[in-house]
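One letter stands for each residue in the lines below.
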Amino acid sequence: MRRFAQLFESLDRTASTSAKRDAMAAYFADAPAEDAAWAVYVLGGGKLKRTASSTELRVALADETGFADWLIDDSYQHVGDLAETISLMLPTVDDSGEDTPLHVWMEARLPALGRLESGERIEQLREWWRPLSREQVFLLNKLLTGSLRVGVSHRLVVQALAQWAALPTDLMAHRLSGTWKPGADVFRALAGPERDDEHAGERPYPFFLASPLEHEVETLGDVDPWVAEWKWDGIRAQLMRRAEGALIWSRGEERLDGRFPELEIAAASLPDRCVIDGEILAWAPDEAHPLLFAALQKRIGKLKPGAKLLAETPVRLMAYDLLELDGVDLRERPLSERRALLGTLLEGRGPTLMVSPSIPATDWASLALIRGESRERRTEGLMLKRLDSPYRVGRKRGDWWKWKVEPYTVDAVLLYAQPGHGRRSGLFTDYTFGVWDGDTLVPVAKAYSGLDDTEIGKLDRWIRANTIDRFGPVRSVQPTHVFELAFEAIQASGRHKAGVAVRFPRILRWRTDLAIRDADKLDDLRRLAAS
Amino acid sequence: MDTELLLPRPEGLYCPAGDFYIDPMHPVPRAVVTHAHGDHARSGSGLYHVARAGGGLMRERLGATSDIREFEYGETFTLGDAKLSLHPSGHVLGAAQIRIEGRGLVAVVSGDYKRDPDPTCLPFEPVPCDVFVTESTFGLPIYRWPPMSQVIDGMLAWLDDCTTRGVPAVLFCYALGKAQRILAELALRTDRTVHLHGAMVRLVEAYRDAGVRMVDTQPVSESARGKDFAGELIMAPPSAAGSPWMKRFAKASTGFASGWMQVRGARRRRGYDRGFIVSDHADWRGLVKSVEDCGAKRIYVTHGDGEALIRHLREKGHDARPLRSLGRMPDERSSEEGD
């Protein structure tokens, strides 16, 4: 793992994406294929099933160092990362022992750890830590507990591999899509010459992602070359019809097989070798609009939904693109042609498989008017796509735009704060906000983003100086500061103290011009949720 | 009563027995100053008492017209009913712990200190006492300083890498103490010239005048306009980061030398390319060791919130308390100042 630790260090040390790409490409060229395969997996965000709980890690650290539990907790709160806290608290050793290759850790050691009894596992962890350098302890803990974030996007890993293999990045993205099982042969195959049947098999096509429209819609020019569709609030998915049956891939490239049997049944009647891109939505029969996202969430969580859930919350696939038909990759064809083929393919298969209707418009102004109906139609706004656009790979600006409706906003008071993680560790950056219910402030939303570094620093100092009470890492503060929050949706919720739940809350601005009495009232939010 | 020797007041830490303040934040008639950093040495007081080794730096900071009395380390002097002496704290050149004897008690105010070796100043001297006042800037066991030789290895490797890539290496660090310590450590390993930001020049000269051996330095302002700094090491205070002054060093790789660089999140948040763990404060082990070495009956903790250190010391059987339990005084440091 020493070589991987060196790669990690060089990635962690630079903010330059080209330097990171070069470092990874050099590593891929240099490292043994069986280790490089796991590096691709881990850097791309892949993780093994968690084999040790954070409690076990803490116990092992306490046993190994003799530090009190509370001191370990205080240190963890300060660092914001358990893997790192452990690496900093263990005694340092010089890194001269024998090296255990990355693939041995991933294929043999970590899986074996999961099979031990808890007590043995704690002993094993201590034994593993002892000869390792601080960097390797950190990496080992990260591999044990979850993802390793090193400022490297999946896309950058793809680019580095493409650079190493001297192949186009889009092809590399496709070769890595879906479930990628690390192994020496699989890694070497990434660099193989392009074949005609690249797209056959179970791997999904890399998704084409739209960009948010940040300028006036008129800047897109004439409306004629564009088609508008609703921006559905569901799960983006690829439905693949293969000889063995139907496969469903999420946008996160995870298999959703079994979760949506009605889609798989409907797909069984599709011709073999076709691939549809669309949005899975929960939609009650004979309703004009989809159910709220919360209804769909019940389905996502269920690996094998029962008859009752299937009846209460049926889903459908709102299809908007056709990537493959009769085994032919259609991605280079214009959208107008793909949509026409999709319409023919799905004729008579509604409502379970239906085409997302295009919204006719002769000018932007009338589209803007229609966009105003988004909320009552339970959509997030409009999608604008160029009729002649190919189906690209990843987020490429220019052809596909999401034109979302303006968010809801609320003025709320800062009530609680707790330290953030990663680059915000040690700073109070995770905030809870409340609104007035009579003469008390009740918490309604948590938000983490929206302030700049200067504001975060200022607020952090203020929180430290104005803490009223502490509950573990959480501090309650004197209600003083008002913030304008934005959110996408609101609905009644029995699980939340305030009786409402907001979706995607974030901070728009620090309202230094408002006093806490100017904050909004819970009744206003309840009314919004009811409407 | 401890408050007869140490009484926190709005102006700073006051000694009633001797009628003087330690590191006052506002002008007072009589001050004893531990070291020359800006948050400890403030101008405007009537009379200053400092360690002779730091006299030059103090005059630099407090102004040549200030009334400054210098004492050798260990030399005894009297203020009011208190007998005082100054002892090395190992923090920066001339930094002192203050031993105060009076009313049947011995108190030591250690100021800022460290236990790691530093070629620019005398090492921390454990002073037996009844009452010990300690800082706790880095009061968690995650702070454990690596050997300086290892840090210098990292810096030289970074410089080599910058040379290969043909870019300047700009290292940010405190202008007083940290900069000179690094220059002195570099002198043991290399003879390359280091370029200095203007804010460091006079302080480096003050250290040279005090006999500290450092690598050759050259003010950036004296380099020809348009000089290529590729592969050169430039040192600057953190305030220069992101300022127009940086325009001379296009594509520079940036580093920051600070104890805070121990934590990855803090390193990434600051946005420097490289973090070097160098601190002039004690790490956790240094704090605990110093408390044990001085054998004090009571320990007062200041700077940083100190809660973890206090609890840890209490669990080990020490009578440790926050200094603010004796009275309120402003701690004007924000959470991450002092490094």
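No experiment lies behind these values; they were computed from the predicted model shown.

The rules we used
Residues numbered from 1 in each chain as written. Chains lettered and ligands numbered in written order. Predicted model: local features only at pLDDT ≥ 70, side-chain atom pairs only at ≥ 80, totals over all residues. Helix = DSSP H or I, 4+ residues; strand = E, 2+ residues; numbered from the N terminus. Rg over C-alpha atoms; globule rule 2.2 N^0.38 Å. Buried ≥ 20, exposed ≤ 12 C-beta atoms within 10 Å, placed from the backbone. Contact = placed C-beta atoms within 7 Å. Core = buried A, V, L, I, M, F, W, Y, C linked by C-beta atoms within 7 Å. Domains from an automatic or database assignment. Nonpolar A, V, L, I, M, F, W, Y, C, P; charged D, E, K, R; others polar. Pairing = 2+ DSSP bridges. Axes fitted to C-alpha atoms, helices over the stretch in contact; angles between N-to-C directions. Parallel < 35°, antiparallel > 145°, perpendicular 65-115°, else oblique. Left-handed = near helix turned anticlockwise from the far one by under 90°. pLDDT = per-residue confidence, 0-100.

Draft legend 1. Quick look at the overall build of chain A. Each helix and strand in chain A was counted, giving 19 helices and 21 strands. Expected size for 531 residues packed as a compact globule is a radius of gyration near 24 Å; at 26 Å, chain A falls within 12% of this value. A buried classification covers 38% of the 531 residues belonging to chain A. Looking at chain A alone, contacts between residues at least 24 apart form 71% of all its contacts between residues at least 6 apart.

Draft legend 2. Seen up close, the nonpolar core. Ranked by size, the top nonpolar core spans 212 residues in total, and within it A:A39, A:L161 and B:M235 carry the most contacts. With residues near it in sequence (within four places) discarded, A:A39 still touches A:F4, A:L7, A:Y27, A:A31 and A:L102. By size, the runner-up hydrophobic cluster in this structure holds 30 residues, among which are A:A412, A:F428, A:I490 and A:L525.

Draft legend 3. Spotlight on the domain arrangement of chain B. All names here are of chain B. Each assigned domain of chain B is listed here: domain 1 (2-142 + 281-326) and domain 2 (148-276). Spacing between the C-alpha centres of domain 1 and domain 2 amounts to 30 Å. With 15 residues of domain 1 at the contact, the number on the domain 2 side is 17 residues. Taken together, the residues of the side of domain 1 that touches domain 2 sort by class into 8 nonpolar, 4 polar and 3 charged.

Draft legend 4. A look at the domain arrangement of chain A. Residues and elements named next belong to chain A. For chain A, the domain assignment lists domain 1 (2-145), domain 2 (208-404) and domain 3 (408-530). Computed from C-alpha coordinates alone, the two centres of domain 1 and domain 3 are separated by 35 Å. Residue-level contacts link 5 residues of domain 1 with 7 residues of domain 3. Grouping the amino acids of the side of domain 1 that touches domain 3 by side-chain chemistry returns 1 nonpolar, 3 polar and 1 charged.

Draft legend 5. Looking closely at the interface of chain A and chain B. Contact with chain A, which involves 23 residues of that partner, is made by 18 residues of chain B. Elements with a contribution of two residues or more to the side of chain A that touches chain B: α5 (69-79), α6 (82-89) and α18 (453-465) of chain A. Here the side of chain A that touches chain B takes 5 residues from α5(A), the largest share from any one element. Split by residue class, the side of chain A that touches chain B holds 7 nonpolar, 8 polar and 8 charged.

Draft legend 6. How the structure looks around the sheet that holds strand β11 (residues 131-135) of chain B. All names here are of chain B. With mixed pairing, 7 strands are arranged side by side in an open sheet as β7-β8-β9-β10-β11-β18-β19. Each edge of the open sheet carries a strand with a single partner, namely β7 (76-79) and β19 (319-322). Pairs of neighbouring strands in the sheet enclose a mean axial angle of 25°, with direction left out of account. Relative to strand β10 (residues 105-109), strand β9 (residues 96-102) is paired through 5 bridges, and the arrangement is antiparallel.

Draft legend 7. Inspection of the pairing of strand β5 (residues 245-250) of chain A at higher detail. Relative to β5(A), strand β4 (residues 235-242) of chain A runs antiparallel, the two sharing 6 bridges. Its bridge partner lying in β5(A), A:M240 is registered against A:L247.

Draft legend 8. Structural context of the sheet that holds strand β10 (residues 379-386) of chain A. All names here are of chain A. The 4 strands are arranged β2-β12-β10-β3 in an open sheet whose pairing can be described as mixed. At either end of the open sheet lies a strand with only one pairing partner, and these are β2 (211-212) and β3 (226-232). In the sheet, β3 pairs with β10 via 6 bridges, with the strands oriented antiparallel. Residue pairing in the sheet places W226 in a bridge with R386 of β10.

Draft legend 9. Main features of the pairing of β7(B). All names here are of chain B. The pairing of β7 with strand β8 (residues 82-88) spans 4 bridges and is antiparallel. Its bridge partner lying in β8, F77 is registered against L84. Here β7 folds back onto β8, and the loop between the two strands holds 2 residues, one of which, G80, carries a positive phi near 55°.

Draft legend 10. Fine view of the environment of A:V275. Residue and element names in this part refer to chain A. Within the element layout of this structure, V275 appears in strand β6 (residues 274-282). C-beta crowding within 10 Å serves as the criterion here: with 24 such atoms nearby, V275 is assigned to the buried category. Considered as a pair, V275 and D453 are 178 residues apart in the sequence and their alpha carbons are 44 Å apart. Those residues in contact with V275 that sit more than four places away from it in its chain are Y205, Q238, M240, L323 and E324.

Draft legend 11. Focus on the packing of α5(A) against α6(A). Residues and elements named next belong to chain A. Two numbers describe how α5 lies on α6: the axes approach to 9 Å, and their chain directions differ by 120°. By the angle between their directions, the pair α5 and α6 is classed as oblique. Where α5 crosses over α6, the handedness of that crossing is right-handed. Taking contact as the criterion, the partners of S75, Y76 and V79 in α5 are, on α6, L82, E84, T85, L88 and M89.

Draft legend 12. Here's a closer look at the packing of helix α4 (residues 54-65) of chain A against helix α8 (residues 118-129) of chain A. Residues and elements named next belong to chain A. Packing of α4 against α8 leaves a shortest axis separation of 9 Å and a crossing angle of 60°. By the angle between their directions, the pair α4 and α8 is classed as oblique. As α4 runs across α8, the sense of the crossing is right-handed. Between α4, through E56, L57, V59, A60, D63 and E64, and α8, the contact on the second element is made entirely by S118, R121, I122, L125, R126 and W129.

Draft legend 13. Main features of the confidence of the model for chain B. Averaged over every residue, the pLDDT of chain B is 93; residues scoring 70 or more account for 97%. This complex was scored by the predictor with a pTM of 0.81 and an ipTM of 0.93.

Draft legend 14. Structural view of unusual backbone geometry. Residue A:G350 is joined to A:P351 through a cis peptide bond whose omega torsion reads -5°. With respect to the helices and strands, the residue A:P351 is situated in the loop between α16 (335-346) and β9 (353-355). Residue B:D23 is not a glycine yet carries a positive backbone phi of 45°. With respect to the helices and strands, B:D23 occurs in the loop between β3 (20-22) and β4 (30-32). A residue is classified by how many C-beta atoms lie within 10 Å of it, and B:D23, with 20 of them, is buried. At B:R103, a position not held by glycine, the phi torsion is positive, near 50°. With respect to the helices and strands, the residue B:R103 is situated in the loop between β9 and β10. On the neighbour-count criterion, B:R103 (14 C-beta atoms within 10 Å) is partly exposed.

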